[in-house]
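Close look at the chain arrangement
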Amino acid sequence: MSTLLLVTVFLPVLGLPLVGRRRESARLASLLIVTATLLLSGYLAFAFPAGAGEFAVWETSWVGGRFPGVDLRLGLGLDGLSVWIFPLSSLLTFTAILVSWHAVDRGATSFYRLLLILLTGMLGVFAARDVLLFYVFFEATLIPLFFLIGMWGHEERRYAAVKFFLFTLAGSVLTFLGLLALAIYSAQSQPQGVLTFSIPHLTENLMRLRANGQLPLTVQIWIFLALFAGFAVKVPLFPLHTWLPLAHVEAPTAGSVLLAGILLKIGGYGFLRFSLPMLPDASAACAPWILILAAVGIIYGALTALAQRDIKRLIAYSSVSHLGFCVLGFFALNPLGLHGGLLQMVNHGLATGGLFAVVGMLYERYHTRQIEAFGGLARRLPILACFMFLLTFSSIGLPGLNGFAGEFLILTGMFERAWLLQRGELVLAVAAVFGVVLAAWYMLQLVGRVFFGELKEPVQGGMEAHAGLAGAEHVTGDHYRSQGWTGDLTAREVLALAPLGVFIVWIGVQPSFFLARMTPTLDALSRPATRASRSEAGPATAAAEAVDAAERVANRRSAFGRAQTTEGDPCRYSAGIACGHQNPPPFTD
Amino acid sequence: MEYLIVLIPMMPLAAVFVTALLGPRVLRSNSHVPTVTAAAVAFVASLALLLMVYWATAASEKPFATTVQLWNWADLRQPELEGQVAAPDAGPLDLARFHVPVTLRVDPLTAVMQVTVTCISLLVSIYSIGYMHDDPGYWRYFTYISLFIFSMTMLVSVSNFALLYVFWEAVGLCSYLLIGFWYHKPEAAAAGKKAFLVNRVGDFGFALGLFLLWSSYGTLNFHDSVHPQTGELISAGILGGVRTAAGGQGYLHGGVAMAIALLLFVGACGKSAQFPLHVWLPDAMEGPTPVSALIHAATMVTAGVYMVARCMPLFDAAPGALLVVGCIGGFTALLAAFIALTQNDLKRILAYSTISQLGYMFLGLSVGGLAGAVAGMFHLFTHAFFKALLFLGAGSVMHAMGGVIDLQRIGGLRRRLPWTYATFLVGCLALAGVFPLAGFFSKDEILGVLYQQEGGGVYRLLFYAGLAGALMTAFYTFRAFFLAFHGEELVPAEAGRHAHESPPVMLLPLVILAVASLVVGAIFGPTGWFESFLSKTPGLAAVAEAGSHAAPHAGHDGHTWVVAWSTVAAVLGIALAAILYLGPGGLLRGVATAARSVGVYTLSYRKVFIDELYALAVVRPLRGLAIVAAWFDRYVIDCLVDLVGLLPKAIGALLRDVQTGFIPWYASAMMLGLLTLLAALVLF
C-alpha cells in the first residue's frame, strides 16, 4: 500500500513527458494519467480501514544520515484527515480536465502539464508526513495555479494572479516561520537536540514539552498566530478573503474548480494538522476570536453574495460563507464540530467545484457570466439545469445531500459548545444558522433568475443558437465552438459532473461511512485542544459540573433502577489506541 | 409490521427512479403508471399496517410502538463528555454519543398519518392522470409527486429529530419543485422560491430547537435505544417509554422547556403556514391544482400539526408555550378567514381556508395533553379529505374553464358540471361544519376541548375566536360556492370546447373523497375510536396519564352547549352568504359599499398588507445591507489590502537612494561594514 501511495502521488509528474505537443494528444494523455491517478487514489481511500489511525505510510531518511543533528525524512501517508480530500483532489482534476477539453486552445500542452504538476502538489500536501515536504508540496500547488490564472484567465488575469500569489505567499512565509519555530522548540525536548521535521514526532515532542510545562501559553500564541496567518489567508477567513473573488472570476474554469475544491482546503487542513494538535492551549485560547471571525464571515460572505451580478463572483463569495462554517466547526473544538468541519471541506469541494464547472459550461456556450443576461435556461439546457440544481441544493445544505450532513454537525457542535461552555457564543451559533437561510436566498435567486422564467439567452450565443441546435446530432470536437453551440450537456460534460453527483448523494444519505474513517485521527489530534477548551471555561464551573454530574448519576440510577452502561456495546469507542501517532516507526538508516 | 413500514416509503422511492429514468423516452404518456402503482401499494400496506397496529393495541392497555433500524446516519463519540448528564433528573443518557440511526417507527399516530397520506396521494395521483394529461412535463410531474409521497411517508415514520428535519426539508423541496412546476411562468418561479425561503425561516427556528434538544437532552431519538444483545437501556429517547413513563420528571421545565417548545413551533409555523409565516401558502397556488390538493392542503402543510402532536410531552412541559400555540393558532384562524372573505380567486380562497383550518388544529393542540393532540389530529384527518375534495373540485372547474378560476369571470356552473357541483357542495358543507359531515365532528371536538379547558380566560377567549372563525368559514365557503355554481351562467372565452364535465378518471377521486367527507367524522368521532386508538401512542399515553388536563368528554352538559353554538355559527354563515349572493343584488352592493367605506374591505382584499410589510421591513433592508456589504468589500477591505501591498514598494522607494550605482559609495559602505564587524569581534 505504501508503494502504491508513493506511485499515486508522483504519477501525474511522471506522466508529464507523455503530454504531447498537439492539443488532442495532450488532453487525451493527461486525461488518461489523471484517470489512473484517480483510480489509484480512490482505491487507497476505499481500502482505508475504518478505525485505523494511519494507512499506507511510506518513509525514508533524506538528510539525517549525513548531518547528525538533523532528522529530515521523506514521508507520505494517509490518515483520517486526508483520507477523503486526497482522492477528491484527483476527482476534481479529472473534472477540471474534462471541462477544459474545448475551452483551452492555446498553449494546451503547458496547460495540461501545469494541471498535472498541480495534482501532484495537491496529493503531496495531503499525504506529507514531514513539515518540509508539506511546505514543498504547498509551494508546488501555488506556482502552477499562478500560471494557470495568469496565462489562461480572463481580462484581469495578471492582476488577479499576482494578488493571489502575493497574498498566499505572504501568509505562507509566516506559516513557515511558525513551523520552523515549532521544530526548534520540539528539538529542545530531545536529549541530543535532534532537529526533526516529522509531523508525528513533532506532535509527540511538543505534547511531551507541554506536559512538562515547557510550552507556555504566550509562546504557543505567538507561534499560533504565525501559522494562522498563512492558513487564514488560504481558507480564506474574513477579512483576508479579497483575493478569492478576484482569483475565481479571472481564473479559467479548471483553475476555479481546483482552487475552490482543493486549494482552499489546505488552510483548514493546516489548522487540523498543525495548529490544533501542536498548540492546543493557544487554539483553545484563540478559539473565541476565530469563531467570531468565522461567524462574521458566514453572514458577510452570504450578504455580499446576495448583491453580486456575476455568477462566478457570487459563488466565490458563497465560498467565503461556506468555509466560515468549516472554521466554525473546527474551533468549536468538540468532536461534532470537528467531524462536521472536515466533512464540510469535502462537501464544499464537491458542490462548489461542481458549480464552477457548470458556470464554465455556461460561459463556454454564451461567453458571459452576468446573471441578468440569462433566463429560463431550464428549457434550453435541461440536463445542465438538473446538475445545477443538485449542486445548488447541496450547497445550501438541503437534507439528504452532503451539505446538510456537514452543516448539521458543525452547527450542533457549535451550539453544544455555546450551551455547555460559554452561553454568550450562542449569538454566533444563531448567526451561523441564519447564514443557512441567507444561503438559500442567494442561491435560489441565482438559479431562479438563470434557469426559470421566460427564456432569455445572451445575444452572442443566442444568435447562433438555432444553427447550433440544428446540428446537434453530429457535432464533434472543435467544430462546435465555431458554431456557437448552445445545446445541452455532451457526454463528456456529464462525465465531468456525474461522479460529483454520486458522492453528493452518497455522503448525504450515509455520512457515517465517511465520518467513521475520520474519527480515530481526528479524535487523537484534537483531544488536547478539546480538553483545553473545556478547562478554559473556568475551573469553578468544571468542578461544579463534576459534582452535579455525580449527583445526577446517582439520582437517575435510583430513579430508573437500570444502570447505564455502555461497556458491552459492540461499537464501543476505541480510537487513540489504534492511532499510529503513539508509536512512531523506528528511525532506520 | 417491520416490512410494511419499510415497504410504504420504498414503493414511491422506486417509482421516482423508474419515472425519472424511463419517463422521458419510454413511458411518456404512461408516466403515471409507476406513481399510481406505488401509491396504491403503499395505501394497501398502510391499511394493513393500521389494522395490525389496531389488533396489537386492542389486545392490551399498554402503549404500542415498534421500531426498525435501517442504517446509521451518523454515530460519533464524544469521550470528553462521558458521564456528563445533559438533562437533570432525566433518563439515563449523556452527550457522549451523537447517534442518529435511520430508524422507522410504527405506532398509532404514525399509522393514522400513513393512511391519510397514502390515501390522499393515491386519489390525487389518479386525478392527475386526467388533469395533467397533455402537459409536456408529464413524467417530471409524476417524478416529483413520487418523491413527495416518499418524503412525506418517511416524515411521519422516522424516529429521530434529525431525520424528521431531513424529511421536513425534503417535502419542502418537493413543494418548491411542484409550485415552480411551470417554471417558465415568472410568478410560479417566484412563488416556489418564496415558499422555500419562508420555510427556511421556520426551519431556522426548528434547527435551533433541535440543537437545544440535543444540548439539553443529549439525544435526538424519539425511541429508547437498548443494547441488541443484553437488552440493557443505552439511552432514553426524548419521546421514548422510559422518559414518558417518568411523567413530569422525565422532562425539563421552565425557560429551557419553553424555548425548546417555542423553537419547534416556529418550524411548525413555517411548514403549516401560521402567522407570521403564512405568506407563502396563498402564492403556492401557482402550482398545478392537484399539487395544491395533495401538498398544500391535505398532507405537507399538516406536518407541523403532526410534529406538535408527536412532541406533545415536550409541549406539555411548557404550558406557556401551549398558550402561545393557541394564540397564534386562534389569531391565524381569524386572520385567514377574514382575508378569505373578499378574495376572488377560488384557489386562493381555499388556500386561506387551509391556513385558517390549520389554525384550528393548533387551537386544538394548544389545550395540551391527549385531549389536545386528539382534537388537533382528528381535525387534520377529516380536513385532509374535505379540503382535498374542494381543491380537486376547484381543479375540475379550472380544467373545464381553460384555467380560469376568477370568481368574477365564472358563474352558474351547476348545470354544466353536475358531478363537480354535487361533490363540491359536500366539501363546502363539511368545511362549514354542518351535521353530520366530517368537519362538524372535528371542529366540534376542538371547540369542546377549548371550552372545557381550565386555566383562565385566555382559553375561553380562544373558544370565542373559534366560534367567530366558524361563522366566517361558513360564510366565505358558501360565498365561493354560490358565486361559482349558482346565479347566471358565465363561461370565459378560454374554456373553448372544454367547458364540460371532467373525465371519469378525475371524477372518481372526487366521488370517493365526497363519500369520505360524509362519513369519516361520524364513524371515528362520536365512537371515540380515534381517541382510544391514538392514546396508545407512547408519548400521548403518558400525557394522558399525567392527567393535568380535562378529559374531553368528561362533562357532556357543556358539550351540548358547544354543539348548539357551533351549529348556529355554521348555519348563520351559510344563510348570510345565501342572502347576499342569491338574494337581491342591492343588498350585496349595500354591504360592500359599507365595508369599503370603513376600509375593512380593502384590508381584507389586500391581505392585511402583510406581504407589503415584509417587503418593506425585511426584504428591502436585507437587500440594502447586501449592497452595502458588496460595496464595503470592494472599496474598503480590498483597498486596505492593496494599501498593505503598497508597503514593500514604499519601503523600496525609501531605500532606493542607497543604491546609487557609484563604486566609491559601495566601497566605503563595505569598509564601514567590515569595521563594524571587526569592532564587534573585538568588543564581544
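Calculation rules
Residues numbered from 1 in each chain as written. Chains lettered and ligands numbered in written order. Predicted model: local features only at pLDDT ≥ 70, side-chain atom pairs only at ≥ 80, totals over all residues. Heavy atoms only, no water. Helix = DSSP H or I, 4+ residues; strand = E, 2+ residues; numbered from the N terminus. Buried < 20%, exposed > 50% of the residue type's maximum accessible area, 1.4 Å probe, protein only. Areas by Shrake-Rupley, 256 points an atom, 1.4 Å probe, with all protein chains shown as cover. Contact = heavy atoms within 4.5 Å. Lys, Arg positive; Asp, Glu negative; His and termini not counted. Charge placed at Lys NZ, Arg CZ, Asp CG, Glu CD. pLDDT = per-residue confidence, 0-100. Polar contact = N/O pair within 3.5 Å; in protein donor to acceptor, adjacent residues only side chain to side chain. Buried area = accessible area lost by both parts, 1.4 Å probe. Salt bridge = Lys/Arg side-chain N within 4 Å of Asp/Glu carboxyl O. Patch = residues over 30% accessible without salt bridge, like charges linked within 9 Å, V, L, I, M, F, W, Y side chains within 5 Å. Axes fitted to C-alpha atoms, helices over the stretch in contact; angles between N-to-C directions. Parallel < 35°, antiparallel > 145°, perpendicular 65-115°, else oblique. Left-handed = near helix turned anticlockwise from the far one by under 90°. Nonpolar A, V, L, I, M, F, W, Y, C, P; charged D, E, K, R; others polar. Phe/Tyr/Trp six-rings, centres within 6.5 Å; stacked < 30°, edge-to-face > 60°. Lys NZ or Arg CZ within 6 Å of the ring centre and 35° of its normal. Expected span 1.5 Å × (residues − 1). Pairing = 2+ DSSP bridges.

1. Some details on the overall build of chain A
- Looking only at helices and strands, one finds 24 helices and 4 strands in chain A.
- The 589 residues of chain A split such that 66% are buried.
- For chain A, the accessible area works out to roughly 19200 Å², and carbon and sulfur atoms hold 65% of it.

2. Description of the overall build of chain B
- Check the secondary structure of chain B and you find 26 helices and 4 strands.
- Principal axes of the C-alpha set define a box for chain B whose edges measure 115 × 70 × 60 Å.
- Here chain B holds 684 residues, and 60% of them are scored as buried.
- Across chain B, contacts joining residues at least 24 apart in sequence account for 81% of those joining residues at least 6 apart.
- If you sum the accessible surface of chain B, you get close to 24800 Å²; carbon and sulfur atoms cover 71% of it.
- For chain B, the distance from the average site of its 35 positive side-chain charges to the average site of its 36 negative ones is 11 Å.

3. Quick look at the confidence of the model for chain A
All names here are of chain A.
- Mean pLDDT over chain A: 81, with 85% of residues reaching 70 or higher.
- Overall, residues 461–483 carries pLDDT values under 50, and its contacts beyond four positions in sequence, including any with other chains, amount to 33 contacts.
- In the predicted structure, residues 538–589 sits below a pLDDT of 50 and forms 79 contacts with residues beyond four places in sequence or in another chain.

4. A look at the side chain of N221(B)
Residues and elements named next belong to chain B.
- Here N221 shows up in the loop between helix 6 (186–217) and strand 3 (225–226).
- One polar contact links N221 to N160, side chain to side chain, over a distance of 2.5 Å.
- The residues touching N221, leaving out its near neighbours within four places in the chain, are H99, P101, S159, N160, G237, I238 and L239.

5. Comments concerning the interface of chain A and chain B
- Each partner contributes to the interface: chain A provides 83 residues, whereas chain B provides 72 residues.
- When chain A packs against chain B, close to 7000 Å² is buried across both sides, 68% of that on carbon and sulfur atoms.
- Summed over the shared surface of chain A and chain B, the result is 1 salt bridge.
- One salt bridge connects D638(B) with K163(A), and the closest N-O pair in it is separated by 2.5 Å.

6. Describing a nonpolar patch on the surface
Residue and element names in this part refer to chain B.
- A cluster of nonpolar side chains, namely L647, I651, L654, L655, V658, F662, I663, W665 and Y666, defines an oily patch on the protein surface of about 950 Å² accessible area.
- For the nonpolar patch, the element with the highest residue contribution is helix 25 (residues 610–656), accounting for 4 residues.
- Here F662 is to be found in the loop between helix 25 and helix 26 (663–683).
- Residue F662 is classed as exposed on the basis of its relative accessible area, which comes to 54%.

7. Focus: the pattern of salt bridges
- Taken as a whole and assessed by the stated rule, the structure comprises 21 salt bridges over all chains.
- The salt bridge partner of E204(A) is R208(A), with a shortest N-O separation of 3.9 Å. Of the two residues, E204(A) and R208(A) both sit in helix 7 (residues 199–211), 4 residues apart, roughly one turn of that helix.
- For E204(A), a relative accessible area of 28% translates into the label partly exposed.
- Judged by its relative accessible area of 37%, R208(A) falls in the partly exposed class.
- For D283(B), the salt bridge identified is with K194(B), shortest N-O distance 2.9 Å.

8. Some thoughts on unusual backbone geometry
- Going from V235(A) to P236(A), the amide bond is cis rather than trans, its omega being -10°.
- Along the chain, the position of P236(A) falls in the loop between helix 8 (217–234) and helix 9 (243–250).
- Of note, the bond from F435(B) into P436(B) is cis; its omega dihedral lies within 30 degrees of zero at 0°.
- The topology assignment puts P436(B) in the loop between helix 16 (418–432) and helix 17 (438–452).
- Of note, the phi angle at L333(A) is positive, near 55°, even though the residue is not glycine.
- Looking at where L333(A) falls in the secondary structure, it is placed in the loop between helix 13 (311–331) and helix 14 (335–366).
- Of note, the phi angle at A273(B) is positive, near 55°, even though the residue is not glycine.
- Considering the arrangement of structural elements, one finds A273(B) in the loop between helix 8 (255–271) and helix 9 (280–283).

9. Digging into the packing of helix 14 of chain A against helix 22 (residues 491–509) of chain A
All names here are of chain A.
- At a minimum axis distance of 10 Å, the contact between helix 14 and helix 22 shows a crossing angle of 155°. Between helix 14 and helix 22, the crossing angle belongs to the class labelled roughly antiparallel. For helix 14 against helix 22, the interelement crossing comes out left-handed. Two secondary-structure elements touch here, helix 14 through L343, V346, N347, L350, G354, A357, V358, M361, E364 and R365 and helix 22 through R492, E493, A496, L497, L500, F503, I504 and I507.
- Here the contact of helix 14 with helix 22 is built from residues that sort into 12 nonpolar, 2 polar and 4 charged.

10. Comments concerning the packing of aromatic side chains
- Taken as a whole and judged by the stated rule, the model has 86 aromatic pairs over all chains.
- Here the aromatic rings of W506(A) and F513(A) are separated by 5.2 Å at their centres, their planes lie at 25°, and the arrangement is stacked.
- Aromatic side chains F181(B) and W182(B) sit 5.9 Å apart centroid to centroid with 65° between the ring planes, which places their arrangement in the edge-to-face category.
- Residue classification places F181(B) among the buried positions, given a relative accessible area of 1%.
- By the ring-pair criterion, three or more aromatic residues cluster together here, those being F126(A), F134(A), Y135(A), F138(A), F176(A), F224(A), F228(A), F231(A), Y269(A), F271(A), F274(A) and F331(A).
- Directly above the ring of F513(A) sits R517(A), whose terminal nitrogen or CZ lies 4.1 Å from the centroid.

11. Notes on helix 23 (residues 585–597) of chain B
- Between its terminal C-alpha atoms helix 23 of chain B stretches 18 Å, which fits the 18 Å expected from 13 residues at 1.5 Å a residue.
- Positive phi appears at G599(B), one or two residues downstream of helix 23 of chain B, with a value of about 85°.

12. A look at the packing of helix 2 (residues 32–59) of chain B against helix 3 (residues 108–131) of chain B
Residues and elements named next belong to chain B.
- The geometry of helix 2 relative to helix 3 is characterised by a closest axis approach of 8 Å and an angle of 155° between their N-to-C directions. Comparing their axes, helix 3 and helix 2 come out roughly antiparallel. Where helix 2 crosses over helix 3, the two elements pack in a sense that is left-handed. Packed against helix 2, whose contacting residues are H32, T35, V36, A39, A40, A42, F43, S46, L47, L50, V53 and T57, the element helix 3 presents P108, A111, V112, Q114, V115, T118, C119, S121, L122, S125, I126 and I129 at the interface.
- Taken together, the residues of the contact of helix 2 with helix 3 sort by class into 16 nonpolar, 8 polar and no charged.

13. What to know about the pairing of strand 3 (residues 73–79) of chain A
Residues and elements named next belong to chain A.
- Among the 7 residues that make up strand 3, 6 are buried, leaving the element largely enclosed by the rest of the structure.
- In terms of strand pairing, strand 1 (residues 54–61) meets strand 3 through 6 bridges, oriented antiparallel. The residue bridging E54 from the neighbouring strand is D79, located in strand 3.

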